[in-house]
Amino acid sequence: MMKTLFGATVGLGAIAAATSAFAADLPVRKGPYTKAPPAVVATVYDWSGFYIGANAGGGSSRDCWNLVSVGGVAVNPAANREGCSGGGGAAVGGQVGFRYQTANWVFGVEAQGDWANFKGTNRNLILPNVSDRSRTNGFGLFTGQVGYAFDNILGYVKGGAAVVGDRYDTFTTGTNVMLDRANTTRWGATIGAGLEYGFAPNWSVGVEYDHIFLGNKNLNFVAAAGQPAMTHRIKQDVDIGLVRLNYKFGPGFGMMH
């Protein structure tokens, strides 16, 4: 009887020891079971899409005159420098374009048109009793853009073609009587840079600087009565500073993991 009781006690002890060792090998779970947290998703500004906007600011046009001929008689332009005028004024207009963003890089194309009033006058260095007046009435820019975005802040450079509408005239210095004039449309090249801030999902505001290279052009001036007068070679460069407001069509924000 004692042997049987002793054997049962030893057997129970062995089972208890084995059960304790097995339980020690199991992982310990604390608290209730929960799902893994979802992946973190960041919201970033998206510059892709079509946009339309308005701009306003000012600029200046530098026009340097050289006399080429008088009454059909040619002269040496290099020896007949008439001086330069640096006229400034206001500009206002609009722009339309498209941008595509990949990672932080932004690429785009844009067309812009502005009314302008850049005008200046200089006294003719050859004929002191005559003054030359230059006026830029408007300009258009057709450009490509490359930019880099820091979320809702975009910096970019641009370049392409430009067209400018000008009017030139000469008048007597003392009495302001118009002697002759010329109107022209000039094509050239432009480069520029800008900084834009997206302050709402589809709205952005920015500043931009552009320079227009127009080179030299011979212009035949016509007198008030309509007969040909003098021919002037005029070299022109334009500088423009603008504040811009754009509205972009499509979602203003994208998701990034």
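From a predicted model like this one, the values you see are computed outputs, not experimental measurements.

Asks: Any chance you could explain the overall build of the protein chain here in plain terms?
Replies: Looking only at helices and strands, the protein chain has one helix and 11 strands in total. For the protein chain, the proportion of its 257 residues judged to be buried stands at 38%. In the protein chain, the share of contacts with a sequence separation of at least 24, taken over all contacts with a separation of at least 6, comes to 69%. In the form shown here, the protein chain has an accessible surface area of approximately 14,400 Å², with 67% of it arising from carbon and sulfur atoms.

Asks: Mind showing me how you'd approach the pairing of strand β5 (residues 105-123) here?
Replies: As a general feature of sheets, a regular strand has side chains that alternate between the two faces. As paired elements, strand β4 (residues 81-102) and β5 share 13 bridges and run antiparallel to each other. Bridge pairing in β5 links Arg99 to Gly108. Counted along the chain from β4 to the antiparallel partner β5, the turn is two residues long, and its residue Ala103 has a positive phi close to 55°. Bridging between β5 and strand β6 (residues 130-150) involves 17 bridges; their strand directions are antiparallel.

Asks: Hey, could you run me through the state of the cysteines in this one?
Replies: In protein chemistry, a disulfide is the covalent bond that joins the sulfur atoms of two cysteines. Under the criterion given, the structure shown has one disulfide. Paired through a disulfide, Cys64 and Cys84 show a sulfur-sulfur distance of 2.0 Å. On the sign convention where negative is left-handed, the bridge of Cys64 and Cys84, at about 110° about the S-S bond, is right-handed. Linking Cys64 in strand β2 (residues 49-70) with Cys84 in strand β4, this pair joins segments that are 20 residues apart in sequence. Classification of Cys84 as partly exposed rests on a relative accessible area of 33%.

Asks: Got a minute to help me understand the nonpolar core in this structure?
Replies: For soluble globular proteins, nonpolar side chains are generally found buried alongside one another. Of all hydrophobic cores here, the largest spans 12 residues; its members are Ala91, Ala116, Phe118, Phe139, Leu141, Ala162, Val164, Ile212, Leu214, Val238, Ile240 and Leu242. When contributions to this core are tallied by element, the ones reaching two or more residues are β5, β6, β7 (153-172), β9 (203-223) and β10 (228-248). Take this core: its biggest share by element is three residues, from β10.

Asks: Quick question: what am I supposed to make of the environment of Asn124 here?
Replies: Structurally, the position occupied by Asn124 is in the loop between β5 and β6. Taking relative accessible area as the criterion, Asn124 reaches 3% and is therefore assigned buried. Between the alpha carbons of Asn124 and Trp65 there is a distance of 8.8 Å; along the sequence they are 59 residues apart. Residues within four places of Asn124 in sequence aside, it is in contact with Glu82, Val130, Ser131 and Asp132.

Asks: Just to check I follow, could you spell out the pattern of salt bridges for this structure?
Replies: It is possible for side chains bearing opposite charge to pair when their charged atoms get close. Overall, the coordinates contain eight salt bridges when judged by the stated rule. Its salt-bridge partner being Asp169, residue Arg133 comes within 3.0 Å of it at the nearest N-O pair. In this pair, Arg133 is assigned in strand β6 and Asp169 in strand β7, connecting sequence segments 36 residues apart. Its relative accessible area of 33% is what places Arg133 among the partly exposed residues. Residues joined in a network through salt bridges with shared partners are Glu110, Lys158, Glu208, Asp210 and Arg244.

Asks: Please clarify how unusual backbone geometry should be interpreted in this entry.
Replies: Leaving glycine out, the prevailing phi sign among residues is negative, and the prevailing peptide bond configuration is trans. The backbone of Ala103 sits at a positive phi, close to 55°, despite the residue not being glycine. Residue position: Ala103 is located in the loop between β4 and β5.

Asks: Is there a simple way to explain the side chain of Gln145 in this structure?
Replies: Within the fold, Gln145 resides in strand β6. One polar contact links Gln145 to Glu110, side chain to side chain, over a distance of 3.4 Å. Sequence-distant contacts of Gln145, defined by excluding residues within four places in its chain, comprise Tyr51, Arg99, Val106, Phe107, Gly108, Glu110, Tyr156, Val157, Lys158 and Arg244.

Scoring rules and cut-offs
- Within every chain, residues take consecutive numbers counted from 1 along the sequence as written.
- Local features in this predicted model are restricted to residues of pLDDT 70 or higher, and side-chain atom pairs are both shown and tallied only at a pLDDT of 80 or more, whereas totals for entire chains, interfaces and linings draw on every residue.
- Excluding hydrogens and water, the side-chain values take into account all heavy atoms of the structure.
- Secondary structure is summarised from DSSP: a helix means a run of H or I of at least four residues, a strand means a run of E of at least two, and numbering begins at the N terminus for each.
- Think of it in three bands: residues with accessible area under 20% of the maximum for their type are buried, residues over 50% are exposed, and the middle band is partly exposed, with areas taken using a 1.4 Å probe on protein chains only.
- Any pair of residues with heavy atoms lying within 4.5 Å of one another is described as a contacting pair.
- Surface accessibility in these figures is a Shrake-Rupley result with a 1.4 Å probe; residues are shielded only by whichever protein chains are displayed.
- Any two strands between which DSSP finds at least two bridges are classified as paired.
- Note on terminology: pairs of cysteine sulfur atoms within 2.5 Å are recorded as disulfides.
- Grouping buried Ala, Val, Leu, Ile, Met, Phe, Trp, Tyr and Cys residues that are joined through side-chain atoms within 4.5 Å yields what is termed a nonpolar core.
- Here a salt bridge means any side-chain nitrogen of Lys or Arg lying within 4 Å of a carboxyl oxygen belonging to Asp or Glu.
- Under this definition, polar contacts are N or O atom pairs within 3.5 Å; protein pairs additionally need one hydrogen-donor-capable and one acceptor-capable atom, and for neighbouring residues in sequence, both atoms have to be side-chain atoms.

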